[in-house]
Amino acid sequence: MTPTPSHPHAPGPHGAAPHAHGAQHGHDEHDGHGHAHPHDHGTAAAQDALATVLDLDAELFAGYLTSVTARVAGAAGDGITHVVDLGAGTGTGTFALLERFPGARVTAVDNSPEMLALIAESARAKGLDDRVSTLETDAGAGLGGIEGADLVWASASLHHVDDPAAALAGIRAALRPGGLLAVAEMDGMPHFLPEDAAPGRPGLEERCREALDGLHARQVPHLGADWAALLAGAGLTVEQEHVEPLEVRAPLPPSAGRYAYVVLDRIRGALDGVADPADLAALGVLLDGGPHDVRHRDDLVVRSTRRLWVARRPADEG
Ligand SMILES: C[S@@+](CC[C@H](N)C(=O)[O-])C[C@H]1O[C@@H](n2cnc3c(N)ncnc32)[C@H](O)[C@@H]1O
């Protein structure tokens, strides 16, 4: 299928497999980078919350997005004309890539029509709709006939697919020989809280993290996967693996408290019925608008580790 130019009312391409609203994800997930509550998974509210997390993450860590796309551009070299943003979400990567590669168009791929509609709307608002196409498809089922792409950017998306090997085979087929795949992932839930953040519940965040790890192991088995091995197994040559610890501390930008709020609120939903009720109540105290609310504190330290793998489809293969 051919990607179509963005349009707010028709974000998917002609012939794209339609998704029932609310059925676009295979898992309930909660890694702090925009994963849904199990109870409202796939609903418009969950999509809105996901969009909010993604945009706040990009705002808070804008410097990282700038530096990571610069790193990828350095590996990609000149003459980049077609970039694919795989699992594009709200398009933070799409728009960063458009800026980074002024001569390129970007195809934003996602299995969520709501996300693609947001991207199409933003592209139009920014006057960039002639450089952005959207493609609604499941990354596990190939990239809709895209071929000859110079670069595929997959940020916090590949761990969602049911079968990474199948997805990587589809990406490889979409790349031109010599084309590049950049896989960006984060190490689970970001850290926010000081040890004594919740009165009477020291170590709250660490216990939430452990509970989330248990959920992830069952529900998002490819989160934290060894992408270097998977990339090599897909016939791609891994050229770079880069780990970057990020930290934001006081004086905090306004986005820090809001980011902590939306992430912790989603985690509270995910852990409902899983975590100790006293811990859930303590999380509630951090989200209730009162004196301990994370949106009003200046003692948060936002820490998150980002990983990047850059791999190339060998140039001498057809
Ligand atoms: C955590 S968000 C990351 C969004 C964006 N890349 C970023 O870094 O801000 C994951 C995105 O992947 C999409 N996604 C999940 N599973 C997918 C699949 N199987 N095929 C295509 N997109 C998928 C989701 O709809 C969501 O927009």
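Residues numbered from 1 in each chain as written. Predicted model: local features only at pLDDT ≥ 70, side-chain atom pairs only at ≥ 80, totals over all residues. Heavy atoms only, no water.

Going by the annotation in an unreviewed UniProt entry, the name recorded for the chain is Class I SAM-dependent methyltransferase, with Streptomyces argenteolus given as the source organism.

Colleague: Could you clarify how one ought to interpret the packing of helix α2 (residues 62–76) against helix α3 (residues 92–100) in this entry?
Modeller: Axes are the key here: two packed helices are described by the angle between their axes and the distance separating the axes. Two elements in contact, α2 and α3, have axes whose closest approach is 10 Å; the angle formed by their N-to-C orientations is 55 degrees. On the basis of the axis angle, α2 is oblique to α3. Crossing of α2 against α3: the hand is right-handed. Residue-level contacts link Leu65, Thr66, Thr69, Ala70 and Ala73 of α2 to Thr92, Ala96, Leu97 and Arg100 of α3. Here the contact of α2 with α3 is built from residues that sort into 5 nonpolar, 3 polar and 1 charged. (Axes fitted to C-alpha atoms, helices over the stretch in contact; angles between N-to-C directions. Helix = DSSP H or I, 4+ residues; strand = E, 2+ residues; numbered from the N terminus. Parallel < 35°, antiparallel > 145°, perpendicular 65-115°, else oblique. Left-handed = near helix turned anticlockwise from the far one by under 90°. Contact = heavy atoms within 4.5 Å. Nonpolar A, V, L, I, M, F, W, Y, C, P; charged D, E, K, R; others polar.)

Colleague: When you look at the pairing of strand β4 (residues 132–136) in this model, what are you seeing that I'm missing?
Modeller: The side chains of a regular strand alternate between the sheet's two faces. The buried fraction of β4 amounts to 5 of the 5 residues, a majority that puts the element mostly inside the structure. Of the two faces of β4, the one holding Val132, Thr134 and Glu136 and the one holding Ser133 and Leu135 are both buried throughout. With 5 bridges connecting them, strand β3 (residues 105–110) and β4 associate as parallel partners. Opposite valine 109, over in β4, you have leucine 135 as the bridge partner. After leaving β3, the chain enters helix α4 (residues 113–125) and then returns to the sheet as β4, a path that is right-handed. (Buried < 20%, exposed > 50% of the residue type's maximum accessible area, 1.4 Å probe, protein only. Pairing = 2+ DSSP bridges. Right-handed = clockwise from strand over helix to strand, strands pointing away.)

Colleague: It is not clear to me how the confidence of the model for the chain should be interpreted in this structure. Could you clarify?
Modeller: Caution applies to low-pLDDT parts of the model: their predicted coordinates are not meant to be read in detail. Chain-level statistics for the chain give a pLDDT mean of 87 and a share of 86% at 70 or above. Scored below 50 in pLDDT, residues 34–41 makes 31 contacts in the model with residues more than four places away or belonging to other chains. (pLDDT = per-residue confidence, 0-100.)

Colleague: Would you mind showing me how to read the site of the ligand here?
Modeller: Neighbouring residues of the ligand: 19 residues in total, closest Gly87, Asp110, Asp138, Ala139 and Ser155. Between the ligand and aspartate 110, the relevant distance is 2.6 Å, taken from an oxygen atom to a side-chain nitrogen or oxygen of the residue. Here a nitrogen atom of the ligand and a backbone polar atom of alanine 139 are 2.8 Å apart. Considered on its own, the ligand offers 590 Å² of accessible surface; in the complex 95% of this is hidden by protein. (Near = heavy atom within 4 Å. Polar contact = N/O pair within 3.5 Å; in protein donor to acceptor, adjacent residues only side chain to side chain. Areas by Shrake-Rupley, 256 points an atom, 1.4 Å probe, with all protein chains shown as cover.)

Colleague: What is the right way to look at the pairing of strand β8 (residues 302–312) in this model?
Modeller: Buried residues dominate β8, accounting for 8 of its 11 residues. Two strands pair when backbone bridges link them, and strand β6 (residues 175–186) and β8 are joined in this way by 7 bridges, in the antiparallel orientation. Its bridge partner lying in β8, glutamate 185 is registered against arginine 307. By the bridge criterion, 11 bridges tie strand β7 (residues 237–248) to β8 in an arrangement that is antiparallel. Looking at the pairing, histidine 242 lines up with leucine 308 of β8.

Colleague: Would you explain helix α6 (residues 204–219) in this entry?
Modeller: An α-helix turns once per 3.6 residues; consequently, residues spaced three or four apart project the same way. Here α6 is 16 residues long and its end C-alpha atoms lie 22 Å apart, about the 22 Å a rise of 1.5 Å per residue gives. Residues of α6 that are buried: Leu204, Glu205, Cys208, Arg209, Ala211, Leu212, Leu215 and His216. Those residues of α6 that are buried are in contact with α8 (254–271) and α9 (277–285). (Expected span 1.5 Å × (residues − 1).)

Colleague: Mind showing me how you'd approach the packing of α6 against α9 here?
Modeller: With their axes 11 Å apart at the nearest point, α6 and α9 run at an angle of 120 degrees to one another. The orientation of α6 with respect to α9, classified from their angle, is oblique. In this structure, α6 meets α9 at a crossing whose hand is left-handed. Residue-level inspection shows Leu204, Arg207 and Cys208 of α6 in contact with α9, the latter providing Asp279, Ala282 and Leu283. Of the residues in the contact of α6 with α9, the class split is 4 nonpolar, no polar and 2 charged.

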